[in-house]
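Read off the chains here:
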Amino acid sequence: MQGQQQQRPRENRAVRALDNDLGEAVGELYVARYFPASSKQQVSELVENLRATYAQRIGKLTWMSAATKKVALEKLAAFHPKLGYPDKWRDWTGVTISPDNYYGNLLAATQFDYNYDIAKVGKPTDRLEWGMTPQTVNAYYNPTDNTINFPAAILQPPFFDAKADDATNYGGIGAVIGHEASHGYDDEGSQFDAQGNNVNWWSKDDRTKFEARTAKLVAQFNAYEPLPGKHVNGQLTLGENIADLGGINVAYDALQIALKKNPAEATEKIDGYTEDQRFFLNFARIWRGSTLPKRQEVLLNTDPHAPAQFRAIGAPSNMPAFADAFKCKAGDAMVRDAEHQVNIW
Ligand SMILES: [Zn+2]
């Protein structure tokens, strides 16, 4: 149904099964081998720079009232970032795995997981629990506990490299951190407060102005056509597109602050590229990938993320800083005119 011609190799399926059923146990080994404490420290500083920059941007918004801004800032201050791996590893006592019984292992792991989940009923929410394993190249925001989560495997190149320049890291993991924080303020996340409760903290007027801006973003993505005659669904992908746009804007601002502290890097070209160019180039680089047309068709109808090639160009097309960095002129493909340019967070 999704265009795949043959089953994945056995070793891929074996790793996938382990990842699904005993993922955090694998994660403990992965972290010990690939995730130094220094990376956690560096990324933690990046998160706090982004948070401070985000607060400045919210303060300066022209469309939001002072009362709503106050709550938005409280929510930002309450974001709990989780980096790399859980503070406390899961205890696997009680699950029995044997080297010669795949079906039995599958059953044992599924049962163990089911009991683990059932045991949570009636207990307080554990905000320190992770919804992704450390070896997953992904990140998420959870509106019901107001946490942003970055597994160890996304804290690697091209997203983050301890040896790379600031522009490269802010264009990569910086934009991802900004993206996850923005989910707290997208069309869905904005319906939850700092404690993760589903309450309305917006004035009616602010909500109306927010929706006028998001409508422009819906129209922008509706126009993208990844397959002949098949368009992106701007409404389905709205939350992710709001997050991409907010994320890259806040990361760009945070980079300017970082460069002020390190002026030598601000003027230095690397491989012939300026710092702004390196920022946008790495933002594009993190979206590299390929998808079979049939699978693409399924995803257009089901995935709240737009196809990667449009995520690479969608947000920068709304940024004057992008046009400046590459000396684009009015009318160029990635320059949206003032009327269509979207700026939300
Ligand atoms: Zn997202």
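A brief look at the structure comes next.

How each quantity is defined
Residues numbered from 1 in each chain as written. Predicted model: local features only at pLDDT ≥ 70, side-chain atom pairs only at ≥ 80, totals over all residues. Heavy atoms only, no water. Pairing = 2+ DSSP bridges. Helix = DSSP H or I, 4+ residues; strand = E, 2+ residues; numbered from the N terminus. Axes fitted to C-alpha atoms, helices over the stretch in contact; angles between N-to-C directions. Contact = heavy atoms within 4.5 Å. Donors = N, O, S within 2.8 Å, 3.2 Å for Na, K, Ca; no water. Buried < 20%, exposed > 50% of the residue type's maximum accessible area, 1.4 Å probe, protein only. Left-handed = near helix turned anticlockwise from the far one by under 90°. Nonpolar A, V, L, I, M, F, W, Y, C, P; charged D, E, K, R; others polar.

A word on the sheet that holds strand β2 (residues 140-142)
Spatially, three strands are ordered β1-β3-β2 in an open sheet, and the strand pairing comes out mixed. Pairing within the sheet leaves two strands with one partner each, and these edge strands are β1 (80-84) and β2. Mean inter-strand twist for the sheet, computed between neighbouring axes without regard to direction, equals 20 degrees. Relative to strand β3 (residues 147-151), β2 runs antiparallel, the two being bridged by three bridges. Within β3, the residue paired with tyrosine 140 across the bridge is asparagine 149. The strands touched by helix α5 (residues 166-182) within the sheet are β2 and β3, with β3 carrying the most contacts at an inclination of about 150 degrees.

A word on the environment of tryptophan 345
Take tryptophan 345: it is sitting in the segment after α12 (320-325). Residues tryptophan 345 and glycine 189, spaced 156 residues apart in sequence, show a C-alpha to C-alpha distance of 13 Å. Beyond its immediate sequence surroundings of up to four residues, tryptophan 345 is in contact with Tyr54, Arg57, Ile58, Leu61, Trp63, Met64, Tyr185, Trp202, Phe210, Ile242, Gly246 and Asn249.

As for the coordination of the zinc ion
Protein ligation of the zinc ion involves His179 (NE2), His183 (NE2) and Glu240 (OE), the donor distances falling in the range 2.0 to 2.1 Å. Between consecutive donors of the zinc ion, the numbers of intervening residues give the motif H-x3-H-x56-E. With a gap of 57 residues between them, histidine 183 in the loop between α5 and α6 (204-222) and glutamate 240 in helix α7 (residues 238-261) connect regions that are remote in the sequence. Histidine 183 gets classed as buried once you look at its relative accessible area, which sits at 8%.

Concerning the packing of α5 against helix α9 (residues 275-285)
Between α5 and α9, whose axes approach to 7 Å, the crossing angle comes to 35 degrees. When the axes of α5 and α9 are compared, the crossing they make is right-handed. Contacts between α5 and α9 involve Ala167, Thr168, Tyr170, Gly171, Gly172 and Ala175 from the former and Glu275, Arg278, Phe279, Asn282, Phe283 and Arg285 from the latter. Looking at side-chain class alone, the contact of α5 with α9 contains five nonpolar, four polar and three charged residues.

Regarding the pairing of β3
Most of β3 sits inside the fold, with five of its five residues counted as buried. Every second residue of β3 is oriented toward a common face, with Thr147, Asn149 and Pro151 on one face and Ile148 and Phe150 on the other, all of them buried. Bridge count for β1 against β3 is five bridges, and the pairing is parallel. Its bridge partner lying in β3, leucine 83 is registered against phenylalanine 150. Linking β2 back to β3 in an antiparallel pair, the connection comprises four residues, with asparagine 146 at a positive phi of about 55 degrees.

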